Amino acid sequence: MIKVGIIGVTGYAGQQLLWLLEQHPEIEIRLLSSRSYADMQIQTVYPNFEGRLDHTLIKDEDFIARLEEIDLLFMALPHGLSQGFAHSAYEKGVKVIDLGADFRFEDLDTYEKWYKVPHKAPHLMPYTAYGMPELHRELIAQSHIVASPGCFPTTAILGIAPLIAGQWVETDLIVDSKSGTTGAGRDARTSSLFCEVNENFKAYGVMSHRHTPEMEKELEKLTHENVDVLFTPHLLPVNRGILSTIYATVKADIALTEAKAYEIYREFYQDEPFIRIRESLPELNAVRGTNYCDIAIRVDETRRKVIVVSAIDNLIKGAAGQAVQSMNILFKFPETLGLNMLSMYI
């Protein structure tokens, strides 16, 4: 049994992670911390755990003092807060999976430019892997720290990776994404109030969203060329899910049919348990509550355009589920263990 702890367990991603780990057959949950709800019982904060867990939420400093009790530290924190905890865990020989942004960028200048905070743990970057199993499985298996990807980048990178890796399309891309409100976190804010979101639909972070450079740098690893992503996220009046539509142009000297595109995708993802290449267009209902990423492709041969549609559950494949998938790789469990959920659809 692997003993785990979670810092930041009472946010939406943190509680989703706890939900998955509580049902994982190889995991023992030892430590849970929360700044907002310290000294409370987890089942008081989230009544769905009543009768299943009776852990008291502890302060972060008490958690760090007890690091020797765990094998793996999960962090589900806002950016800028994970670096010190990761350093403490590294010194104790405790593996780390960070659901936040602090270790996603090898180029720390890019991180500091977009996230507006200094990075205080550059010495840990050589021991870090970007936690997208479909692209970095071997690196994850050898790493000490796993930086779990952002939710929007998960849909965009997985959605276009086969065409970028094979250099079938130009490297200037448009990514148009729609997300459920859990992507904004659990903090109280006016923009997330029911009356602000219900019966409404809006763009945000236009030309400035922090997930843009994350998409670009990962796609550049696949093509070894500069990638320019024009990214616009939108807020949907639903709890969870992301649907991204990716627009690309077929390179001038290449003939690409829709049938060929599907052949490329099926070959690229043939051994991936959580990628489903679909003929019909993806919908949130089919991925909600699962670790799947559903992808469909459409090609306009006359205009030399490709449209890729990808869909995930932002709290699972876009956060906690992908983190558990990386955990399974780190500790040599079957990669699908604890993640074989099927959407209830309705």
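Given the structure is predicted, the values throughout are model-derived calculations rather than measurements. Every chain's residues receive numbers from 1 upward, in the order its sequence appears when written. Totals for whole chains, interfaces and linings use all residues, but because this is a predicted model, local features are given only for residues with pLDDT of at least 70 and pairs of side-chain atoms are given and counted only at 80 or more. Computation of side-chain values: all heavy atoms of the structure, hydrogens and water removed.

**Q** Hey, could you run me through a nonpolar patch on the surface in this one?
**A** Patches here: salt-bridge-free residues with over 30% relative accessible area, like charges joined within 9 Å, nonpolar side chains (Val, Leu, Ile, Met, Phe, Trp, Tyr) joined within 5 Å. Accessibility throughout is a Shrake-Rupley quantity obtained with a 1.4 Å probe, and a residue counts as covered only by protein chains that appear here. Only one rule defines a salt bridge in this text: a Lys or Arg side-chain nitrogen within 4 Å of an Asp or Glu carboxyl oxygen. Taken together, the side chains of Ile-174, Val-206, Met-207, Leu-230, Tyr-247 and Ile-307 make up a nonpolar region of the molecular surface, amounting to roughly 540 Å² of accessible area. Examined against the element boundaries, Tyr-247 turns out to sit in strand E10 (residues 242-249). By the criteria applied, helices consist of DSSP H or I runs no shorter than four residues and strands consist of E runs no shorter than two, each listed in order from the N terminus.

**Q** Even after reading the chapter, I still don't get the sheet that holds strand E3 (residues 72-75), so can you show me in this structure?
**A** Strand pairing within a sheet occurs via backbone hydrogen bonds; the two strands may be parallel or antiparallel. A pair of strands counts as paired when DSSP detects no fewer than two bridges linking them. Strand order in the open sheet formed by 6 strands is E2-E1-E3-E4-E6-E5, with parallel pairing between adjacent strands. Because the sheet does not close on itself, it has two edges, and the strands there are strand E2 (27-33) and strand E5 (128-130). Averaged over all pairs of adjacent strands, the angle between their axes in this sheet comes to 20 degrees, without regard to strand direction. Bridge count between E5 and strand E6 (residues 145-147): 3 bridges; the pairing is parallel. Along E6, the bridge assignment pairs Ala-129 with Val-146. Whether two residues are in contact is decided by their heavy atoms, any of which lying within 4.5 Å being enough. In this analysis an axis means a line fitted to C-alpha atoms, helices contributing only their contacting stretch, and an angle means the value between N-to-C directions, from 0 to 180 degrees. Each of strand E1 (2-7), E3, strand E4 (95-98) and E6 touches helix H4 (residues 83-92); the most contacted strand, E3, lies at about 175 degrees to it.

**Q** Sorry if this is basic, but what is going on with the nonpolar core here?
**A** A general tendency of soluble globular proteins is for nonpolar side chains to be buried together. Residues Leu-18, Leu-21, Ile-42, Phe-74 and Ile-97 are the most contacted members of the largest nonpolar core, which totals 44 residues. For this core, the secondary structure elements donating two or more residues are E1, helix H1 (12-22), E2, helix H2 (42-45), E3, helix H11 (284-287), strand E13 (305-312) and helix H12 (316-330). No other element matches H12, which puts 8 residues into this core. Those residues in contact with Ile-42, other than ones at most four positions away along the chain, are Val-9, Thr-10, Leu-18, Leu-32, Phe-49, Leu-53, His-55 and Leu-57. Within this scheme, the nonpolar core is defined by two criteria: the residues are buried Ala, Val, Leu, Ile, Met, Phe, Trp, Tyr or Cys, and they are joined through side-chain atoms within 4.5 Å. Summary of the burial criterion: residues with accessible area below 20% of their type's maximum are buried, those above 50% are exposed, and those between are partly exposed, where the area comes from a 1.4 Å probe applied to protein chains only. With 42 residues, the next largest nonpolar core counts Leu-163, Met-215, Ala-248 and Tyr-265 among its residues.

**Q** I would appreciate a short explanation of the packing of aromatic side chains in the present structure.
**A** Two measures describe an aromatic ring pair: the distance that separates the ring centres and the angle between the ring planes. A pair of Phe, Tyr and Trp rings is counted when the ring centres sit within 6.5 Å of each other, with Trp represented by its six-membered ring. The angle between the planes then sorts it: under 30 degrees is stacked, over 60 is edge-to-face, the rest tilted. Applying the stated rule across the entire model yields 8 aromatic pairs. Taken together, the ring pairs in this structure connect Phe-105, Tyr-111 and Tyr-115 into an aromatic cluster. The criterion for a charge sitting over a ring is simple: Lys NZ or Arg CZ within 6 Å of the ring centre, and within 35 degrees of the ring normal. Over the ring of Tyr-292 we find Arg-276, and its NZ or CZ is 4.0 Å from the ring centre.

**Q** Just checking my understanding: could you explain unusual backbone geometry for this structure?
**A** Of note, the phi angle at Glu-199 is positive, near 55 degrees, even though the residue is not glycine. For Glu-199, a relative accessible area of 75% translates into the label exposed. You will see that Arg-304, though not glycine, has its phi angle at about 60 degrees, which is positive. Structurally, the position occupied by Arg-304 is in the loop between strand E12 (293-300) and E13.

**Q** Sorry, what's going on with the UniProt feature "active site" (unreviewed entry) in the protein here?
**A** UniProt positions are given in the numbering used here, feature names are shortened, and annotations may be inferred rather than shown by experiment. Under the UniProt annotation, "active site" (unreviewed entry) lies at Cys-151. Position of Cys-151 among the secondary structure elements: in helix H7 (residues 151-165). Given the relative accessible area of 14%, Cys-151 is considered buried. If we skip the residues at most four places from it in the chain, Cys-151 touches His-211, Ile-242, Ile-312, Asn-314 and Gly-318.

**Q** Could you clarify how one ought to interpret the environment of Gln-23 in this entry?
**A** The residue Gln-23 is located in the loop between H1 and E2 in this model. Separated by 29 residues in the primary sequence, Gln-23 and Arg-52 have C-alpha atoms spaced 9.7 Å apart. Within the structure, Gln-23 has its side chain in polar contact with the backbone oxygen of Trp-19 (distance 2.9 Å). Residues adjacent in sequence count toward polar contacts only when both atoms are side-chain atoms; beyond that, a polar contact is any pair of N or O atoms within 3.5 Å, and within protein one must be able to donate a hydrogen and the other to accept it.

**Q** What should I look at first to understand the domain arrangement of the protein in this one?
**A** Accessible area lost upon the coming together of the parts serves often as the stated size of an interface. Residue ranges assigned to each domain were obtained from an automatic or database domain assignment. What the domain assignment reports for the protein is domain 1 (2-148 + 319-331) and domain 2 (152-312). Each of domain 1 and domain 2 has a C-alpha centre, and the two are 25 Å apart. Contacts between the two partners involve 23 residues from domain 1 and, on the opposite side, 25 residues from domain 2. For the salt bridge of Lys-217 with Glu-106, the shortest nitrogen-to-oxygen distance reads 3.5 Å. Amino acids are sorted into nonpolar (Ala, Val, Leu, Ile, Met, Phe, Trp, Tyr, Cys and Pro), charged (Asp, Glu, Lys and Arg) and polar (every other residue, Gly among them). Residues belonging to the side of domain 1 that touches domain 2 are distributed by class as follows: 10 nonpolar, 8 polar and 5 charged.

**Q** So what exactly am I meant to see when it comes to a negative patch on the surface here?
**A** Judged by side-chain charge, Glu-170, Asp-172, Asp-228 and Asp-253 come together as a negatively charged surface patch. With respect to the helices and strands, the residue Asp-253 is situated in the loop between E10 and helix H10 (258-268). Only four residue types enter the charge count, namely Lys and Arg as positive and Asp and Glu as negative; His and the chain termini do not. Each charge is placed at NZ for Lys, CZ for Arg, CG for Asp and CD for Glu.

**Q** Is there a simple way to explain the UniProt feature "domain: Semialdehyde dehydrogenase NAD-binding" (unreviewed entry) in the protein in this structure?
**A** Per the UniProt record, "domain: Semialdehyde dehydrogenase NAD-binding" (unreviewed entry) is found at residues 3-143. What you have in residues 3-143 is 35% helix and 16% strand, and the ends, taken at the C-alpha atoms, are 18 Å apart.

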